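A closer look at the structure
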Amino acid sequence: MRRGGLRIFPDREALSREAARRFVAAAKKAVRARGRFTVAFSGGSTPADLYCLLATSSHREGLPWDRTHVFWGDERCVPPEDPASNYGAARALLLLHVPIPAANVHRMRGEEEPVRAALAYEAELRAVFGPPAGGVPRFDLLLLGLGEDGHTASLFPGSPVLRETERLVASPFVESLSASRLTLTLPVLNAAREILVLVAGGGKAAALREALEGDRDALPIQQVRPRAGVLTWLVDAAAAELLRPRGSPPSPA
């Protein structure tokens, strides 16, 4: 994976400020170009810092919330009030504090039977985006994270969903978690205009090194390669501590 899209920040706070800046820029650009802004949120603690920033007055009042449509890249199969819900976290930290119309918030229904919920979300994506037959929705901005095992969204190592080419939304059963998840598939991720991968903390250092410097396609995150979009890694110093300095040769085997 190309290193050109990598930016390293001294800490998580600085990373989150840059993510917020890019979020605002993407929103304004999309509204100018197409009249609305479509974004897919992710779960986890690093995006939570971004959501808190976007809820502050300086961002809340400067964003076109009435023209913003919020989706999710993945969801746990739990009710929206469950502490594990990605939607529930974003709602508490951000959506309750900004003037976004309820009709513009498109959550995955984790409380429903997974296969039925995936089909319903795919139908909602097609209704909102209106892609041509056989086409794929194109998000203006897509937020992703990186798991310690290299997963992103709910695309886990070894999952058959990584080979999906037609479905927009899947409901994989994740053996390591003994639970089902809902997730956008790679065709949707790779159609985005812009992708931000947010990675913070030393616990992600080994996975980040493998993602950026290891064998191609060994991890799910390495299969995220937007066809006609921009992918940028925003990482903090702790997560980047195992990366080779730019320009240095590979370590001997």
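Our structure is the block above this text.
Residues numbered from 1 in each chain as written. Predicted model: local features only at pLDDT ≥ 70, side-chain atom pairs only at ≥ 80, totals over all residues. Heavy atoms only, no water.

With that out of the way, let us pick up the nonpolar core. Among the nonpolar cores identified, the biggest contains 78 residues, and F41, F139, L184 and W233 are the most heavily contacted of them. With ten residues, the single largest contributor to this core is helix α1 (residues 12–34). Apart from the residues lying within four places of it in its own chain, the contact partners of L184 are A40, W72, G73, M108, Y121, L125, F139, L155, L168, V169 and L189. (Core = buried A, V, L, I, M, F, W, Y, C linked by side-chain atoms within 4.5 Å. Buried < 20%, exposed > 50% of the residue type's maximum accessible area, 1.4 Å probe, protein only. Helix = DSSP H or I, 4+ residues; strand = E, 2+ residues; numbered from the N terminus. Contact = heavy atoms within 4.5 Å.)

Our focus in this paragraph is the pattern of salt bridges. Applying the stated criterion across every chain, the model contains 14 salt bridges. Notably, a salt bridge pairs E18 with R21, separated by 2.8 Å at the nearest N-O pair. Remark: R21 and E18 occur in helix α1; sequence separation between them is three residues, near one turn of the helix. E18 sits in the buried class, given a relative accessible area of 9%. (Salt bridge = Lys/Arg side-chain N within 4 Å of Asp/Glu carboxyl O.)

Put simply, the largest pocket is a space of about 340 Å³. G43, G44, G145, L146 and H151 are the residues nearest the centre of the largest pocket, which is lined by 23 residues in total. Residue assignment for the lining of the largest pocket shows that the elements contributing at least two residues are α2 (45–54), β4 (74–76) and β5 (141–144). In terms of residue count, α2 provides more of the lining of the largest pocket than any other element does, three residues in total. Looking at side-chain class alone, the lining of the largest pocket contains eight nonpolar, eleven polar and four charged residues. (1 Å grid on protein atoms, 1.4 Å probe; cavity = no way out; pocket = protein on both sides within 12 Å on 5 of 7 lines; lining within 4 Å. Points joined across faces, edges and corners; volume = space filled by probe spheres on them. Nonpolar A, V, L, I, M, F, W, Y, C, P; charged D, E, K, R; others polar.)

Looking now at the sheet that holds strand β2 (residues 37–41). Pairing in this open sheet of six strands is parallel, and the strands run β1-β10-β9-β5-β2-β3 from one edge to the other. At either end of the open sheet lies a strand with only one pairing partner, and these are β1 (6–9) and β3 (68–72). Neighbour-to-neighbour, the strand axes of this sheet turn through a mean angle of 20 degrees, independent of strand direction. The pairing of strand β9 (residues 194–199) with strand β10 (residues 230–236) spans six bridges and is parallel. Across the sheet, the residue bridging to V197 is W233, located in β10. Sheet strands in contact with helix α5 (residues 114–129) are β2 and β3, and its direction is about 160 degrees off that of β3. Sitting on the sheet, helix α7 (residues 205–213) is in contact with β1, β9 and β10, with an inclination near 150 degrees to β10. (Pairing = 2+ DSSP bridges. Axes fitted to C-alpha atoms, helices over the stretch in contact; angles between N-to-C directions.)

Turning our eyes to something else, we now look at the packing of aromatic side chains. Think of a pair of aromatic rings as described by two things: how far the centres are apart, and how the planes are tilted against each other in angle. One pass over the full model with this rule turns up ten aromatic pairs. Centroid distance F71 to F139: 5.3 Å. Interplanar angle 80 degrees. Geometry classified as edge-to-face. On the criterion of sequence distance, the pair formed by F71 in strand β3 and F139 in the loop between α5 and β5 is long-range, its members being 68 residues apart. A residue is classified by how much of its surface remains accessible, and F71, at 0% relative accessible area, is buried. What makes F139 buried here is its relative accessible area of 0%. Between W72 and Y87 the ring centres are 5.4 Å apart and the planes differ by 70 degrees, which places this aromatic pair in the edge-to-face class. With W72 in strand β3 and Y87 in helix α4 (residues 86–93), this pair connects stretches of sequence that are 15 residues apart. The same class applies to W72 as to Y87, namely buried. One aromatic cluster is present, built from ring pairs that chain together F23, F37, F41, Y51, W65, W72 and Y87. One cation-aromatic arrangement involves R36 over F129; the distance from NZ or CZ to the ring centre is 5.6 Å. (Phe/Tyr/Trp six-rings, centres within 6.5 Å; stacked < 30°, edge-to-face > 60°. Lys NZ or Arg CZ within 6 Å of the ring centre and 35° of its normal.)

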